[in-house]
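Structure assessment
Chain by chain, the residues:
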Amino acid sequence: MSLKDKELKKCNKCKIVKPISYFSPRKNRNNKPTSYCKECNTTRAKEYYYANTKRCKLKNKQFFLNNPFYNKQRYRENEEVRIKSAICAKQYRAKNLEKCKKMCREYYFENSENIIKKSIEKEFKKRQTIRGMLDHRMSVAIWASLSKEVKNGRTWKKFVNFTTKELKQHLESRFVRNMSWDEFLNGKIHIDHIIPKINFSYNSPDEEEFKKCWSLSNLQPLWATENLKKHDKII
């Protein structure tokens with residue numbers, strides 16, 4: 001229990017004694033706790049909003065016109081806000097699934113060119129990093145070895161028992177003859193299967209053959225020229 005939870009305060013609204021962490025700090029009063037607890041403050045704010053909807057919407061609109069980056073900055077700097085936003089968004093989507101799908105379709109239809117352009121730029125930027133290139137190569141390779149229905153849009157990390165960081169460390173520990181990550185990013189080094197994929201038979205990532213094929217112990221860095229010569233042979 002934190003020191004804040006040991007300190008108690010009585011809410012002036014519900015009259016219940018609660019830990020001090022249940023009260024928001026007042027920024028304009030040296031962070032002194034509010035008279036009402038967070039729950040009562042939320043209820044009061046909702047009641048006021050519903051009673052003065054037009055006025056609140058106009059005030060909010062004016063505020064965001066004057067402070068266009070307020071939400072983005074608050075989202076970036078406050079982890080609690082990010083978690084709360086994610087939960088609220090998930091709950092709203094669950095309650096309004098068809099409405100959300102319709103809005104997404106309409107938005108994509110109206111902004112498809114810009115969305116595709118940004119997606120290409122983001123993917124290109126991602127592949128300029130070691131982590132991004134590792135993600136890309138593993139994703140493409142595993143996608144090619146499984147049917148679309150089996151993969152079902154899930155990330156390749158869901159099918160293996162290692163992370164991108166662990167893959168990077170493993171490959172780097174096997175670098176030989178002037179190998180470097182710059183050469184890897186330039187396409188001169190491949191992620192090779194020591195025992196080629198053709199020697200394994202599987203239809204699902206849950207099968208033992210898949211796990212053996214895609215285990216870290218079966219992956220190694222290999223010069224692209226050597227990998228093309230090796231093909232399906234075990235060296």
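Scroll up for the structure.
Below you will find a few notes about this structure. (Residues numbered from 1 in each chain as written. Predicted model: local features only at pLDDT ≥ 70, side-chain atom pairs only at ≥ 80, totals over all residues. Heavy atoms only, no water.)

1. Thoughts on helix α5 (residues 79-95)
Between its first and last C-alpha, α5 extends 25 Å over 17 residues, near the 24 Å set by a 1.5 Å rise per residue. With a side-chain oxygen positioned 3.0 Å from the backbone nitrogen of Glu-80, the residue opening α5 is Asn-78. (Helix = DSSP H or I, 4+ residues; strand = E, 2+ residues; numbered from the N terminus. Expected span 1.5 Å × (residues − 1). Polar contact = N/O pair within 3.5 Å; in protein donor to acceptor, adjacent residues only side chain to side chain.)

2. Examining the nonpolar core
Counting residues in each nonpolar core, the largest one holds 23 residues, and the members touching the most others are Met-138, Ile-142, Leu-167 and Trp-214. Of all the secondary structure elements, the ones that give two or more residues to this core are α7 (130-145), α9 (164-173), α10 (181-185), β5 (189-193), α11 (208-213) and β6 (219-223). For Leu-167, the residues in contact, after removing those within four places along its chain, are Leu-134, Met-138, Trp-156, Phe-162, Leu-216 and Leu-219. (Core = buried A, V, L, I, M, F, W, Y, C linked by side-chain atoms within 4.5 Å. Buried < 20%, exposed > 50% of the residue type's maximum accessible area, 1.4 Å probe, protein only. Contact = heavy atoms within 4.5 Å.)

3. Regarding the packing of α7 against α9
Helix-helix packing: each pair is described by the crossing angle between the helix axes and the interaxial distance. Here α7 crosses α9 at 95°, and the two axes come no closer than 10 Å. As summarised for this structure, α7 and α9 are arranged roughly perpendicular, according to the angle between their axes. Residues Ile-130, Arg-131, Leu-134, Asp-135 and Met-138 of α7 form the contact with α9, whose participating residues are Thr-164, Leu-167, Lys-168 and Leu-171. Tallied by class, residues from the contact of α7 with α9 come to five nonpolar, one polar and three charged. (Axes fitted to C-alpha atoms, helices over the stretch in contact; angles between N-to-C directions. Parallel < 35°, antiparallel > 145°, perpendicular 65-115°, else oblique. Nonpolar A, V, L, I, M, F, W, Y, C, P; charged D, E, K, R; others polar.)

Function cannot be read off these values alone, since they describe shape.
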